[in-house]
Amino acid sequence: MGLYPEIEPYDHGMLDVGDDNRIYWETCGNPDGKPAVMLHGGPGSGCSPSFRRYFDPAAYRIVLLDQRGCGRSTPPASAYDTDMSVNTTPHIIADLELLRRHLGIERWLVWGVSWGSVLGLRYAQTHPGAVSELVLTGVATGSNAEVALMTRGLGRIFPEAFERFVGELPVAERDGNLAAAYNRLLESPDPAVRERAARAWTDWETAIIPAPPRSVERYEDPAFRMGFARTVTHYWGNDHLLGEGVDDEVVLREAHLLKGIPGTLVQGGLDFGNLLGIVWRLHHAWPDSELVVVDEVGHNAGAPGMTEVLVAATDKYAAGSGRR
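Below: a short report on this structure. If you're wondering where the values come from, they're calculated on a predicted model, not measured in any experiment. Along each chain, residue indices are assigned from 1 in the same order as the chain's sequence is written. Predicted model: local features are reported for residues with pLDDT of at least 70 only, side-chain atom pairs are reported and counted for 80 or more only, and whole-chain, interface and lining totals are derived from all residues. Working from all heavy atoms in the structure, the side-chain values ignore hydrogens and water.

The next point concerns the packing of helix α5 (residues 178–186) against helix α7 (residues 222–236). Where α5 meets α7, the axes come as close as 8 Å, and the angle between the chain directions of the two elements is 135 degrees. Relative to α7, the element α5 is oriented oblique. α7 is crossed by α5, and the crossing has left-handed handedness. Contacts between α5 and α7 pair A179, Y182, N183 and L186 from the former with M226, A229, R230, T233, H234 and W236 from the latter. Axis definition: a line fitted to C-alpha atoms, over the contacting stretch in the case of helices. Angles run 0 to 180 degrees between N-to-C directions. Each helix is a run of DSSP H or I of at least 4 residues and each strand a run of E of at least 2, with the numbering of both proceeding from the N terminus. In this scheme, roughly parallel covers angles under 35 degrees and roughly antiparallel covers those over 145, while 65 to 115 is roughly perpendicular and the rest are oblique. Helix crossings are classified by the rotation of the near helix relative to the far one: an anticlockwise turn of less than a right angle makes the crossing left-handed, while a clockwise turn makes it right-handed. Contacts were defined at the residue level, with two residues in contact if any of their heavy atoms lie within 4.5 Å.

Listed below in C-alpha coordinates is the structure:
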(Lines give C-alpha, C1' and ligand atoms only; values in the text may rest on other atoms or scores of the structure.)
Protein backbone atom coordinates (compact mmCIF):
# COMPACT_ATOMS: atom_id res chain seq x y z
CA MET A 1 0.00 0.00 0.00
CA GLY A 2 0.97 3.65 -0.31
CA LEU A 3 0.91 6.33 2.34
CA TYR A 4 -1.77 6.34 5.01
CA PRO A 5 -4.48 9.07 4.83
CA GLU A 6 -3.74 12.58 6.05
CA ILE A 7 -4.20 13.12 9.77
CA GLU A 8 -3.93 16.03 12.21
CA PRO A 9 -2.05 16.14 15.54
CA TYR A 10 -3.99 15.43 18.70
CA ASP A 11 -1.39 17.32 20.75
CA HIS A 12 1.50 19.70 20.16
CA GLY A 13 3.71 22.12 22.02
CA MET A 14 6.98 24.02 22.35
CA LEU A 15 9.63 22.40 24.55
CA ASP A 16 12.28 24.53 26.23
CA VAL A 17 15.55 22.67 25.62
CA GLY A 18 17.89 25.32 26.99
CA ASP A 19 20.31 27.70 25.27
CA ASP A 20 17.28 29.97 24.61
CA ASN A 21 15.96 27.31 22.20
CA ARG A 22 12.43 25.95 22.08
CA ILE A 23 11.55 23.08 19.78
CA TYR A 24 8.17 22.43 18.20
CA TRP A 25 6.73 18.94 18.64
CA GLU A 26 3.47 17.22 17.79
CA THR A 27 1.87 13.82 18.34
CA CYS A 28 -0.51 12.08 15.95
CA GLY A 29 -2.29 8.77 15.63
CA ASN A 30 -3.10 6.54 18.59
CA PRO A 31 -2.12 7.96 22.02
CA ASP A 32 -1.75 4.36 23.25
CA GLY A 33 0.06 3.12 20.15
CA LYS A 34 3.66 2.10 19.54
CA PRO A 35 5.82 5.24 19.90
CA ALA A 36 7.76 6.42 16.83
CA VAL A 37 9.73 9.61 16.24
CA MET A 38 10.35 11.16 12.83
CA LEU A 39 13.75 12.80 12.16
CA HIS A 40 13.71 15.15 9.18
CA GLY A 41 16.53 15.85 6.80
CA GLY A 42 18.67 18.81 5.86
CA PRO A 43 20.07 19.57 8.32
CA GLY A 44 17.60 22.42 8.39
CA SER A 45 14.59 21.17 6.45
CA GLY A 46 11.98 20.94 9.21
CA CYS A 47 9.12 18.46 9.36
CA SER A 48 6.37 18.07 6.77
CA PRO A 49 2.79 16.89 7.46
CA SER A 50 3.42 14.14 4.90
CA PHE A 51 5.76 12.43 7.37
CA ARG A 52 2.76 11.50 9.51
CA ARG A 53 1.52 9.28 6.72
CA TYR A 54 4.32 6.68 6.84
CA PHE A 55 2.74 5.15 9.96
CA ASP A 56 -0.55 3.37 10.60
CA PRO A 57 -2.39 5.93 12.78
CA ALA A 58 -4.29 3.13 14.54
CA ALA A 59 -1.05 1.39 15.54
CA TYR A 60 1.38 4.21 16.23
CA ARG A 61 1.83 7.19 18.51
CA ILE A 62 3.66 9.33 15.95
CA VAL A 63 5.99 12.09 17.20
CA LEU A 64 7.23 14.79 14.84
CA LEU A 65 9.56 17.63 15.75
CA ASP A 66 11.34 20.52 14.12
CA GLN A 67 15.02 20.33 15.09
CA ARG A 68 16.83 23.39 16.47
CA GLY A 69 16.53 26.42 14.22
CA CYS A 70 14.11 24.67 11.84
CA GLY A 71 10.44 25.05 10.99
CA ARG A 72 8.41 26.26 13.95
CA SER A 73 11.24 25.92 16.47
CA THR A 74 12.81 29.09 17.83
CA PRO A 75 15.00 30.99 17.35
CA PRO A 76 15.14 30.40 13.57
CA ALA A 77 18.45 29.78 11.88
CA SER A 78 17.37 32.31 9.26
CA ALA A 79 17.86 35.12 11.81
CA TYR A 80 21.42 36.45 11.68
CA ASP A 81 21.64 36.83 15.47
CA THR A 82 20.71 33.18 16.16
CA ASP A 83 23.61 31.46 17.92
CA MET A 84 24.56 28.46 15.78
CA SER A 85 27.24 27.28 18.22
CA VAL A 86 24.49 25.58 20.24
CA ASN A 87 23.13 23.77 17.18
CA THR A 88 25.15 20.53 17.02
CA THR A 89 24.47 16.80 16.83
CA PRO A 90 24.93 16.29 20.61
CA HIS A 91 22.55 19.21 21.27
CA ILE A 92 19.85 17.65 19.07
CA ILE A 93 20.38 14.22 20.61
CA ALA A 94 19.93 15.78 24.04
CA ASP A 95 16.74 17.46 22.76
CA LEU A 96 15.41 14.07 21.65
CA GLU A 97 16.03 12.61 25.07
CA LEU A 98 14.35 15.58 26.77
CA LEU A 99 11.35 15.25 24.46
CA ARG A 100 11.14 11.49 25.00
CA ARG A 101 11.02 11.95 28.76
CA HIS A 102 8.62 14.88 28.45
CA LEU A 103 6.18 12.66 26.53
CA GLY A 104 6.62 9.75 28.95
CA ILE A 105 7.99 7.39 26.30
CA GLU A 106 10.32 4.56 27.31
CA ARG A 107 11.44 3.43 23.83
CA TRP A 108 10.49 4.53 20.36
CA LEU A 109 11.03 3.54 16.76
CA VAL A 110 13.30 6.08 15.08
CA TRP A 111 12.50 6.97 11.45
CA GLY A 112 15.10 9.12 9.71
CA VAL A 113 15.52 10.51 6.22
CA SER A 114 18.83 11.74 4.76
CA TRP A 115 20.47 13.85 7.52
CA GLY A 116 17.83 12.33 9.79
CA SER A 117 19.46 8.95 9.17
CA VAL A 118 22.81 10.31 10.40
CA LEU A 119 21.10 11.69 13.48
CA GLY A 120 19.09 8.50 14.04
CA LEU A 121 22.15 6.28 13.78
CA ARG A 122 24.19 8.37 16.20
CA TYR A 123 21.26 8.63 18.59
CA ALA A 124 20.86 4.84 18.58
CA GLN A 125 24.60 4.34 19.09
CA THR A 126 24.67 6.64 22.13
CA HIS A 127 21.22 5.78 23.56
CA PRO A 128 20.51 2.19 22.47
CA GLY A 129 18.07 1.59 25.31
CA ALA A 130 15.76 4.30 23.96
CA VAL A 131 15.48 2.87 20.43
CA SER A 132 13.24 -0.10 19.61
CA GLU A 133 13.86 -0.12 15.83
CA LEU A 134 15.29 2.07 13.08
CA VAL A 135 13.78 2.82 9.68
CA LEU A 136 16.18 4.89 7.58
CA THR A 137 16.05 6.15 4.01
CA GLY A 138 18.35 8.28 1.86
CA VAL A 139 20.97 6.81 4.16
CA ALA A 140 24.06 8.83 5.08
CA THR A 141 26.60 8.68 7.90
CA GLY A 142 27.89 12.26 8.05
CA SER A 143 31.44 11.65 6.79
CA ASN A 144 33.48 14.31 5.06
CA ALA A 145 33.78 11.98 2.06
CA GLU A 146 30.00 12.19 1.63
CA VAL A 147 30.08 15.99 1.86
CA ALA A 148 32.88 16.14 -0.70
CA LEU A 149 30.87 13.90 -3.03
CA MET A 150 27.70 16.01 -2.73
CA THR A 151 29.59 19.21 -3.50
CA ARG A 152 32.81 18.89 -5.48
CA GLY A 153 32.35 15.27 -6.58
CA LEU A 154 29.00 15.83 -8.28
CA GLY A 155 30.55 18.71 -10.17
CA ARG A 156 31.75 16.14 -12.71
CA ILE A 157 28.16 15.08 -13.33
CA PHE A 158 26.68 18.59 -13.35
CA PRO A 159 29.57 20.72 -14.66
CA GLU A 160 27.51 23.74 -15.75
CA ALA A 161 25.71 24.03 -12.41
CA PHE A 162 28.99 23.39 -10.56
CA GLU A 163 30.69 26.22 -12.43
CA ARG A 164 27.97 28.60 -11.23
CA PHE A 165 28.12 27.14 -7.71
CA VAL A 166 31.87 27.57 -7.30
CA GLY A 167 31.82 30.87 -9.15
CA GLU A 168 29.95 32.52 -6.28
CA LEU A 169 32.89 31.91 -3.94
CA PRO A 170 35.99 34.09 -3.60
CA VAL A 171 38.77 32.66 -5.76
CA ALA A 172 40.88 31.77 -2.70
CA GLU A 173 37.99 29.68 -1.30
CA ARG A 174 37.32 27.47 -4.33
CA ASP A 175 39.81 24.66 -3.66
CA GLY A 176 38.91 23.68 -0.10
CA ASN A 177 35.77 22.53 1.71
CA LEU A 178 33.02 24.17 -0.33
CA ALA A 179 30.39 23.83 2.39
CA ALA A 180 32.66 25.58 4.89
CA ALA A 181 33.38 28.33 2.35
CA TYR A 182 29.67 28.89 1.79
CA ASN A 183 29.04 28.90 5.53
CA ARG A 184 31.51 31.75 5.92
CA LEU A 185 29.51 33.75 3.36
CA LEU A 186 26.27 32.88 5.17
CA GLU A 187 27.74 34.24 8.41
CA SER A 188 28.71 37.53 6.75
CA PRO A 189 27.44 40.70 8.44
CA ASP A 190 26.34 41.89 4.98
CA PRO A 191 22.75 40.71 4.32
CA ALA A 192 23.25 40.96 0.56
CA VAL A 193 26.20 38.56 0.74
CA ARG A 194 24.17 36.15 2.87
CA GLU A 195 21.18 36.22 0.53
CA ARG A 196 23.29 35.68 -2.58
CA ALA A 197 25.05 32.75 -0.92
CA ALA A 198 21.78 31.17 0.21
CA ARG A 199 20.36 31.41 -3.30
CA ALA A 200 23.51 29.92 -4.84
CA TRP A 201 23.52 27.05 -2.35
CA THR A 202 19.89 26.11 -2.93
CA ASP A 203 20.36 26.41 -6.70
CA TRP A 204 23.08 23.77 -6.37
CA GLU A 205 20.85 21.59 -4.19
CA THR A 206 18.17 21.87 -6.89
CA ALA A 207 20.60 21.05 -9.70
CA ILE A 208 21.75 17.78 -8.15
CA ILE A 209 18.19 16.44 -7.55
CA PRO A 210 18.14 17.02 -10.60
CA ALA A 211 15.30 19.40 -11.43
CA PRO A 212 14.89 22.52 -13.55
CA PRO A 213 16.58 25.55 -11.94
CA ARG A 214 14.71 26.97 -8.97
CA SER A 215 11.75 24.64 -9.33
CA VAL A 216 11.73 23.48 -5.69
CA GLU A 217 8.98 25.49 -4.04
CA ARG A 218 10.40 25.64 -0.52
CA TYR A 219 13.58 27.29 -1.79
CA GLU A 220 11.50 30.23 -3.05
CA ASP A 221 10.70 31.19 0.56
CA PRO A 222 13.53 33.58 1.56
CA ALA A 223 13.35 32.65 5.26
CA PHE A 224 13.41 28.92 4.56
CA ARG A 225 16.19 29.33 1.99
CA MET A 226 18.38 31.26 4.43
CA GLY A 227 17.76 28.99 7.41
CA PHE A 228 18.29 25.82 5.39
CA ALA A 229 21.48 26.98 3.68
CA ARG A 230 22.94 28.34 6.91
CA THR A 231 22.19 25.13 8.83
CA VAL A 232 23.32 22.60 6.25
CA THR A 233 26.61 24.40 5.60
CA HIS A 234 27.13 24.82 9.36
CA TYR A 235 27.02 21.03 9.70
CA TRP A 236 28.62 19.99 6.42
CA GLY A 237 31.46 22.46 6.87
CA ASN A 238 32.26 21.25 10.39
CA ASP A 239 32.40 17.41 10.34
CA HIS A 240 28.62 17.27 10.93
CA LEU A 241 29.32 18.59 14.45
CA LEU A 242 29.20 15.02 15.77
CA GLY A 243 30.77 15.96 19.09
CA GLU A 244 33.96 17.18 20.68
CA GLY A 245 36.79 14.78 20.00
CA VAL A 246 34.62 12.70 17.63
CA ASP A 247 35.75 12.33 14.04
CA ASP A 248 33.55 12.40 10.95
CA GLU A 249 33.64 8.61 10.39
CA VAL A 250 32.40 7.61 13.84
CA VAL A 251 28.90 6.58 12.72
CA LEU A 252 30.10 3.89 10.32
CA ARG A 253 33.01 2.81 12.51
CA GLU A 254 30.73 2.27 15.51
CA ALA A 255 27.99 0.45 13.60
CA HIS A 256 28.62 -2.54 15.88
CA LEU A 257 26.96 -0.56 18.69
CA LEU A 258 23.65 -1.06 16.88
CA LYS A 259 23.73 -4.79 17.64
CA GLY A 260 20.34 -5.93 18.92
CA ILE A 261 18.41 -3.07 17.34
CA PRO A 262 16.40 -4.21 14.28
CA GLY A 263 16.59 -1.85 11.34
CA THR A 264 15.40 -1.37 7.78
CA LEU A 265 17.49 0.60 5.29
CA VAL A 266 15.54 1.77 2.24
CA GLN A 267 17.68 3.23 -0.52
CA GLY A 268 16.96 4.50 -4.01
CA GLY A 269 19.09 2.70 -6.56
CA LEU A 270 19.90 6.04 -8.23
CA ASP A 271 20.73 7.90 -4.99
CA PHE A 272 24.08 9.63 -5.57
CA GLY A 273 25.08 8.75 -2.02
CA ASN A 274 25.44 5.15 -3.24
CA LEU A 275 28.58 6.10 -5.17
CA LEU A 276 30.61 5.69 -1.98
CA GLY A 277 29.00 2.39 -0.99
CA ILE A 278 28.07 3.78 2.43
CA VAL A 279 24.69 2.06 2.78
CA TRP A 280 26.14 -1.32 1.82
CA ARG A 281 29.02 -0.96 4.28
CA LEU A 282 26.59 0.04 7.03
CA HIS A 283 24.31 -2.90 6.28
CA HIS A 284 27.16 -5.41 6.44
CA ALA A 285 28.50 -3.91 9.67
CA TRP A 286 25.05 -4.05 11.32
CA PRO A 287 23.83 -7.67 11.38
CA ASP A 288 20.34 -6.76 12.60
CA SER A 289 19.62 -4.60 9.54
CA GLU A 290 17.93 -5.38 6.26
CA LEU A 291 18.63 -3.41 3.09
CA VAL A 292 15.98 -2.77 0.43
CA VAL A 293 17.11 -1.04 -2.77
CA VAL A 294 14.36 0.50 -4.89
CA ASP A 295 15.36 0.67 -8.55
CA GLU A 296 15.02 3.80 -10.69
CA VAL A 297 14.61 6.09 -7.66
CA GLY A 298 17.02 8.72 -6.38
CA HIS A 299 17.27 10.55 -3.05
CA ASN A 300 13.50 10.82 -2.60
CA ALA A 301 11.53 9.14 0.20
CA GLY A 302 8.25 10.21 -1.38
CA ALA A 303 8.83 8.57 -4.76
CA PRO A 304 6.57 5.76 -5.99
CA GLY A 305 8.07 2.49 -4.84
CA MET A 306 9.86 4.09 -1.89
CA THR A 307 6.70 4.93 0.04
CA GLU A 308 5.37 1.39 -0.25
CA VAL A 309 8.57 -0.13 1.12
CA LEU A 310 8.83 2.41 3.94
CA VAL A 311 5.21 1.88 4.99
CA ALA A 312 5.72 -1.89 4.84
CA ALA A 313 8.64 -1.48 7.26
CA THR A 314 6.64 0.48 9.83
CA ASP A 315 3.72 -1.94 9.42
CA LYS A 316 6.07 -4.87 10.10
CA TYR A 317 7.43 -3.31 13.28
CA ALA A 318 3.94 -2.41 14.49
CA ALA A 319 2.83 -6.00 14.01
CA GLY A 320 5.92 -7.28 15.83
CA SER A 321 5.28 -5.04 18.82
CA GLY A 322 1.96 -6.68 19.62
CA ARG A 323 0.24 -3.27 19.63
CA ARG A 324 -1.46 -3.59 16.28
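Once that is clear, we can look at the side chain of T314. Along the polypeptide, T314 turns up in helix α10 (residues 306–321). Pairs of N or O atoms are called polar contacts if they sit within 3.5 Å, as long as, within protein, a hydrogen donor faces a hydrogen acceptor (for residues adjacent in sequence, only side-chain-to-side-chain pairs). Separated by 2.6 Å, the side chain of T314 and the backbone oxygen of Y54 make a polar contact.

On to the pattern of salt bridges. Salt bridges are identified by distance alone: a Lys or Arg side-chain nitrogen within 4 Å of an Asp or Glu carboxyl oxygen. Taken as a whole and judged by the stated rule, the model has 18 salt bridges. For E97, the salt bridge identified is with R100, shortest N-O distance 2.8 Å. Within this pair, E97 and its partner R100 are both found in helix α1 (residues 89–102), separated by 3 residues, close to a single helical turn. Summary of the burial criterion: residues with accessible area below 20% of their type's maximum are buried, those above 50% are exposed, and those between are partly exposed, where the area comes from a 1.4 Å probe applied to protein chains only. A relative accessible area of 8% means that E97 is categorised as buried. Residue R100 is classed as buried on the basis of its relative accessible area of 12%. Between E168 and R196 there is a salt bridge, and its shortest N-O distance comes to 2.6 Å. Here E168, found in the loop between α4 (159–167) and α5, pairs with R196, found in helix α6 (residues 191–207); they are 28 residues apart in sequence, far enough to count as distant. Residue classification places R196 among the exposed residues on the basis of a relative accessible area of 54%. Members of the salt-bridge network, linked through shared partners, are E8, E26, R52, D66 and R72.

Another aspect to go through is the nonpolar core. Counting residues in each nonpolar core, the largest one holds 72 residues, and the members touching the most others are L134, W201 and L282. Ranked by the residues each element gives to this core, the list is headed by α7, at 7 residues. With residues near it in sequence (within four places) discarded, L134 still touches V110, G120, L121, A124, L258, I261, P262, G263, T264, W286 and Y317. With 28 residues, the next largest nonpolar core counts F51, W111, M306 and Y317 among its residues. In this text, buried Ala, Val, Leu, Ile, Met, Phe, Trp, Tyr and Cys residues form a nonpolar core when linked through side-chain atoms within 4.5 Å.

Attention shifts here to α6. With 17 residues, α6 should reach 24 Å at 1.5 Å per residue; the first-to-last C-alpha distance of 24 Å fits that figure. Among all positions of α6, only R194, A197, A198, R199, A200, W201, T202, W204, E205, T206 and A207 are buried. Among the structural elements, α3 (144–150), α4, α5 and α7 are those in contact with the buried residues of α6. Capping of α6 at its N-terminal end is provided by D190; its side-chain oxygen lies 2.9 Å from the backbone amide nitrogen of A192. Here the expected length of a helix is defined as 1.5 Å per residue gap, with one fewer gap than residues.

What follows concerns the environment of Y123. As for its position among the elements, Y123 is in helix α2 (residues 115–126). Along the backbone, Y123 and A285 are 162 residues apart, and their C-alpha atoms lie at a distance of 17 Å. The contact partners of Y123, leaving out residues within four places of it in the chain, are I93, L96, E97, R100, W108, V110, P128, A130 and V131. At 3.2 Å, the side chain of Y123 and the side chain of W108 are in polar contact.

Purely spatial values, then, with no claim about function.
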